[in-house]
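Architecture and fold: a report
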Amino acid sequence: MRRRFELNGEYVQTETRQCDVDCWELRITDAEGNVTVQYFSDPSLLDKAATKAHRDWEDFGWVSESFDDWVPTSHSLSK
């Protein structure tokens, strides 16, 4: 799943995906384009980390943009 936020023409986003049976990835891209990747063995921890990033951004005025039309380029990303 991908979620993007916009503020004054700059973007930040999170992307989450299941890498393996017991592995989930959280990829956070900041406004400078720096990417941080974290791996989790528990999907609830992944959800907490993504939710924290989203709340932090909303607190600073970032506005969420819809990615309803986004489709993974690889079926392996859509597990």
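Note: the structure precedes this text.
A word on the nonpolar core
Within the largest apolar cluster, twelve residues are counted, these being Phe5, Val12, Trp24, Leu26, Ile28, Phe40, Leu46, Ala49, Ala50, Ala53, Trp57 and Trp62. Of all the secondary-structure elements, those providing two or more residues to this core are β3 (23–29) and α1 (43–59). With five residues, α1 is the largest single contributor of residues to this core. Apart from the residues within four sequence positions on either side, Leu26 is in contact with Thr14, Glu15, Thr16, Thr36, Val37, Gln38, Phe40, Leu46, Ala49 and Ala50.

Things to note about the pairing of β3
With respect to burial, β3 is a largely interior element, five of its seven residues being buried. Relative to β3, strand β2 (residues 10–20) is paired through seven bridges, and the arrangement is antiparallel. Looking across to β3, one finds that Arg17 is bridged to Glu25. Between β2 and β3, which follow one another and run antiparallel, lie two residues. In this antiparallel pair of consecutive strands, β3 and strand β4 (residues 35–40), the connection spans five residues, and Gly33 shows a positive phi of 90°.

Quick notes on a nonpolar patch on the surface
Together, Val35, Val37 and Tyr39 line one region of the surface with nonpolar side chains, adding up to about 270 Å² of accessible area. Looking at the secondary structure, you find Val35 in strand β4. Residue Val35 is classed as partly exposed on the basis of its relative accessible area, which comes to 46%.

Scoring rules and cut-offs
- Residues numbered from 1 in each chain as written.
- Predicted model: local features only at pLDDT ≥ 70, side-chain atom pairs only at ≥ 80, totals over all residues.
- Heavy atoms only, no water.
- Core = buried A, V, L, I, M, F, W, Y, C linked by side-chain atoms within 4.5 Å.
- Buried < 20%, exposed > 50% of the residue type's maximum accessible area, 1.4 Å probe, protein only.
- Helix = DSSP H or I, 4+ residues; strand = E, 2+ residues; numbered from the N terminus.
- Contact = heavy atoms within 4.5 Å.
- Pairing = 2+ DSSP bridges.
- Patch = residues over 30% accessible without salt bridge, like charges linked within 9 Å, V, L, I, M, F, W, Y side chains within 5 Å.
- Areas by Shrake-Rupley, 256 points an atom, 1.4 Å probe, with all protein chains shown as cover.
- Salt bridge = Lys/Arg side-chain N within 4 Å of Asp/Glu carboxyl O.

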